[in-house]
Amino acid sequence: MRKKLIQVLGLILASSPVLAKESALEEIVVTAQKREQNIMDVPVAVSVLTNESLEASGVTEVRDLAIISPSINYQSGVSSSNQNIRIRGVGGGAFASGFESSVGTMIDGVVTGPGGASLSEFWDVDRVEVLRGPQGTLFGKNTSAGIVNIYSKRPTREFEAEAKMRWGDDYDELRFEGMVSGPLSENLAGRFAGFWYDQDEGNVDNIVLNDTENRKERWGARFSTAYENGPLSVNLSLSYVEQDNTCCARVFAAIDEDVAATSALSSLFVIPLVNAYNLTPGHKGRKIIQDHINYENVENFYGVLEVSYELESGHIIKSITGYKDWDQDEFNDVDVLPVDIIGGRVFHTLDLFTQEIQLLSPAGNNLEYVLGLYYYDSKNTDNTFLFGGTTLTGGIFGSTGWDSTVNTENMAVFGHVTYKFNEQWSAYLGGRFLSEDIDARGVREGNFFAFPGVFASASASGSDDDWVGTAGVKFYPREETMLYASVSRGYKGSAIDTTIGSTFFTGNPESTVLNPETVINYELGLRTSMFDGRLSLSATAFMSEFEDFQATAFLDTSYVLRNAGTLESNGFELEASAIPWEGGRLIFNMAYIDATFDEYKGAPCQAAQVASGACPVGGQDLSGQQLNNSSEWQYTVNLKQEFTLGEMQAFAIAEYAWRDDVIFDGDLDPNTAQDAYGIANFRLGITAKEKYEFSIFARNAFDEEYMVQISDAPLYSGVYGGYPGLGRSVGIELRMSY
């Protein structure tokens, strides 16, 4: 397969005449400062992924961004509830309703909420903006490390329609997307878009049930309208997504037999059964022996109403109202064995309401500003964890349930001002003053052998008034080059550790309230365009220091939360786009990130430390150690060549993404390490009459085997579970547009 792909690609590039004339790179418009601007004028570390670039790389959800965008890492888990993405090494995920990642996700200007509620599907997307570094001044709470901003396509005044079909052979996957857009009346336009995706084969083989795990079935629909009448503009978007997945199976990534010998469950069940089924633990393992299929059912509805009015002075008053309802029901065969020792079921319900009011000054003046008010109300209700025999009816091992409700309320006033002194110098200043309250209530009861007992209703709360801000200068040594220097203070609100292993449910709930996480970030940036717009460069150097970093680590049965003292994340990022020759397009993105715990005492100990009695009282000291789940070096190279084939246009795309080695778990256990790896993607396509397109693709063409997360297996000391990344997928894609 490898030789054939390379031969075909080389033959086409060598023998076909080029299509496109030499031209400049297209202008990229972003809204990283609440108004549309050319990315070359924005003093923020921002990457833009257009709809075309997402489709070319086969990226269809937030998780996939880690494959193609340096500075982003993805952390998988036993449930989507504790999966998350990280920016510049910083993020975090846990089975806790009172915890949010340091990276925010927004859709059309509205935050999506914590945990799995933020792992959005991509369809009918206009662009994705990845903003790195603290963004709380303009984008609200819990964006101390960055934000992923997803913008849907809006209704058009002209009629247009599109249909796409993608089929992949290796995982028997089929995806349909379609949209229709156009005028509904003189002042009103509408758009309807939808998708359906079925991956009938998973990437993990269950040899006990003769089936595969990590299969996916998803569908979604979005209806949006745009009304314009003079100075008034109204945009409404309503979306619904449903998922039915067999998620999330993990393989035996490693077994430390010396440690496993100290655990009755590991020595009596895991090791004999692994040997009986001839499994070889390791990163290349893709077989499991559990006797139940995992499942995850998710329903997600969200709506956005944006109303803006332009005053005679040129000022714009804008209101953005958001609502989200997210429901999850998940079962996981926690024991991962062909015996009924333990199973877990998870229920989550999230209701989220946000309201933002903005006043934007006229654009183009020496003084530009945006002022705003913000309100956020999140209700995590019906959050239930059930542990027990996999029938969840008790059995000989019993069952225990954890029920909790977490409410979060945030109010803020913010502003951002930019003043242009002359054609070369500008300065900007922004601030946000906020008040946040979080409240958690819960109860644990049951007779499961690992968590027996009934505990009265527990409650804990946190309240904080704080501020975030940014200040900086911009300098234009020439028209096509911008330099900037900035300092920003970021903030992430208090968290409450409602994980099943915390003391929240066992008599000491107030001790589980974490301090807010704050960060000071310094940046030096460069944006430049050269050779008549055929080359653009963006470079950023950054230094970040986090105080009271909210770290996660695996302890005994689940992830737990800790304030890790001080964390430093320093490095630099480079993004380059070029038209090196006729019909060619080259993109190179790179990031170097040095993220370390400057001070972290009281971290959970590794399994070997616990088994040998070497775990210090109060936990280990990880001060000076590298942050978990953070790769030092990452880069992505993308080459596209356009050419002609008779009367048709054609293209070839080659992409390679490389990630440095990493230790996944927060206790820095070497058994959770993943070596460096690279993923290659290829695509060949033809286009006829600018309406029809046919392409063949190969994702992970060389079938690189890697893990997206490794952690201790619950209750099994010395045993480690790994979540494999997707292997090779070869298929075709058809597109028809009008």
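If you're wondering where the values come from, they're calculated on a predicted model, not measured in any experiment.

**Regarding the overall build of the protein chain**
Looking only at helices and strands, the protein chain features seven helices and 46 strands. Relative to the 2.2 N^0.38 estimate, which gives 27 Å for 738 residues, the radius of gyration of the protein chain is 26 Å and therefore close to what a compact globule would have. Overall, the protein chain is about 70 × 60 × 50 Å in size when its C-alpha atoms are taken along their principal axes. Residues classed as buried in the protein chain amount to 58% of the 738 residues present. Put simply, 69% of the contacts in the protein chain that link residues at least 6 apart link residues at least 24 apart. About 28,600 Å² of surface is accessible on the protein chain, with carbon and sulfur atoms providing 56% of the total. Of the side chains in the protein chain, 52 bear a positive and 101 a negative charge, and the two mean positions are spaced by 6 Å.

**Digging into the packing of aromatic side chains**
With the rule as written, the count across this model stands at 20 aromatic pairs. Geometrically, the ring pair formed by Phe353 and Tyr375 is tilted, given 6.4 Å between the ring centres and 55 degrees between the ring planes. A residue pair is termed long-range when its members are at least 10 positions apart, and Phe353 in strand 21 (residues 343-360) and Tyr375 in strand 22 (residues 367-388) qualify at 22 residues. Judged by relative accessible area, Tyr375 falls into the partly exposed class, the value being 24%. Aromatic pair Phe588 and Tyr635: ring centres 6.3 Å apart, planes at 35 degrees, arrangement tilted. Taken together, the residues Phe588 in strand 35 (residues 584-599) and Tyr635 in strand 38 (residues 633-645) connect sequence positions 47 residues apart. With a relative accessible area of 29%, Phe588 lands in the partly exposed category. Relative accessible area serves as the criterion here: at 26%, Tyr635 is assigned to the partly exposed category. Linked through ring pairs, Phe588, Tyr635, Tyr656 and Trp658 together constitute an aromatic cluster.

**Comments concerning the pairing of strand 10 (residues 160-168)**
Bridge count between strand 10 and strand 11 (residues 173-183): nine bridges; the pairing is antiparallel. Paired with Gly168 across the strands is Glu173, a residue of strand 11. Pairing between strand 10 and strand 46 (residues 729-737): seven bridges, direction antiparallel. Bridge pairing in strand 46 places Lys164 opposite Arg735.

**Things to note about the sheet that holds strand 44 (residues 707-712)**
Within the open sheet, the three strands sit side by side as 17-45-44. Their pairing is antiparallel. One side of each edge strand has no neighbouring strand; the edge strands of this open sheet are strand 17 (251-255) and strand 44. Neighbour to neighbour, the strand axes of the sheet diverge by 30 degrees on average, direction disregarded.

**Side note on helix 6 (residues 264-276)**
Between its first and last C-alpha, helix 6 extends 18 Å over 13 residues, near the 18 Å set by a 1.5 Å rise per residue. Considering bend angle alone, the principal kink of helix 6 is centred on Val270 and spans about 25 degrees; proline Pro272 follows within four residues of it. Where helix 6 is buried, its residues meet strand 17, helix 5 (257-260) and strand 45 (719-724). Residue Asn278 follows helix 6 closely and has a positive phi angle near 55 degrees.

**Focus on unusual backbone geometry**
With omega at 5 degrees, the peptide bond leading from Cys247 into Cys248 counts as cis. With respect to the helices and strands, the residue Cys248 is situated in the loop between strand 16 (232-245) and strand 17. Although it is not a glycine, Glu690 sits at a positive phi angle of roughly 60 degrees. Inspection of the secondary structure assignment puts Glu690 in the loop between strand 42 (677-688) and strand 43 (692-699). Glu690 sits in the exposed class, given a relative accessible area of 66%.

**Some thoughts on the nonpolar core**
Ranked by size, the top nonpolar core spans 51 residues in total, and within it Leu54, Leu65, Phe122, Val128, Ile150, Phe549 and Phe597 carry the most contacts. It is strand 35 that provides the largest number of residues to this core, a total of four residues. Not counting chain neighbours up to four residues away, the residues in contact with Val128 comprise Ser47, Val48, Leu49, Leu54, Leu65, Phe122, Val148, Asn149 and Ile150. Membership of the second largest hydrophobic core comes to 31 residues, among which are Phe252, Ile289, Phe385 and Tyr716.

Criteria and thresholds
- Residues numbered from 1 in each chain as written.
- Predicted model: local features only at pLDDT ≥ 70, side-chain atom pairs only at ≥ 80, totals over all residues.
- Heavy atoms only, no water.
- Helix = DSSP H or I, 4+ residues; strand = E, 2+ residues; numbered from the N terminus.
- Rg over C-alpha atoms; globule rule 2.2 N^0.38 Å.
- Buried < 20%, exposed > 50% of the residue type's maximum accessible area, 1.4 Å probe, protein only.
- Contact = heavy atoms within 4.5 Å.
- Areas by Shrake-Rupley, 256 points an atom, 1.4 Å probe, with all protein chains shown as cover.
- Lys, Arg positive; Asp, Glu negative; His and termini not counted.
- Charge placed at Lys NZ, Arg CZ, Asp CG, Glu CD.
- Phe/Tyr/Trp six-rings, centres within 6.5 Å; stacked < 30°, edge-to-face > 60°.
- Pairing = 2+ DSSP bridges.
- Axes fitted to C-alpha atoms, helices over the stretch in contact; angles between N-to-C directions.
- Expected span 1.5 Å × (residues − 1).
- Bend = angle between axes of the 7 residues up to and from the residue.
- Core = buried A, V, L, I, M, F, W, Y, C linked by side-chain atoms within 4.5 Å.

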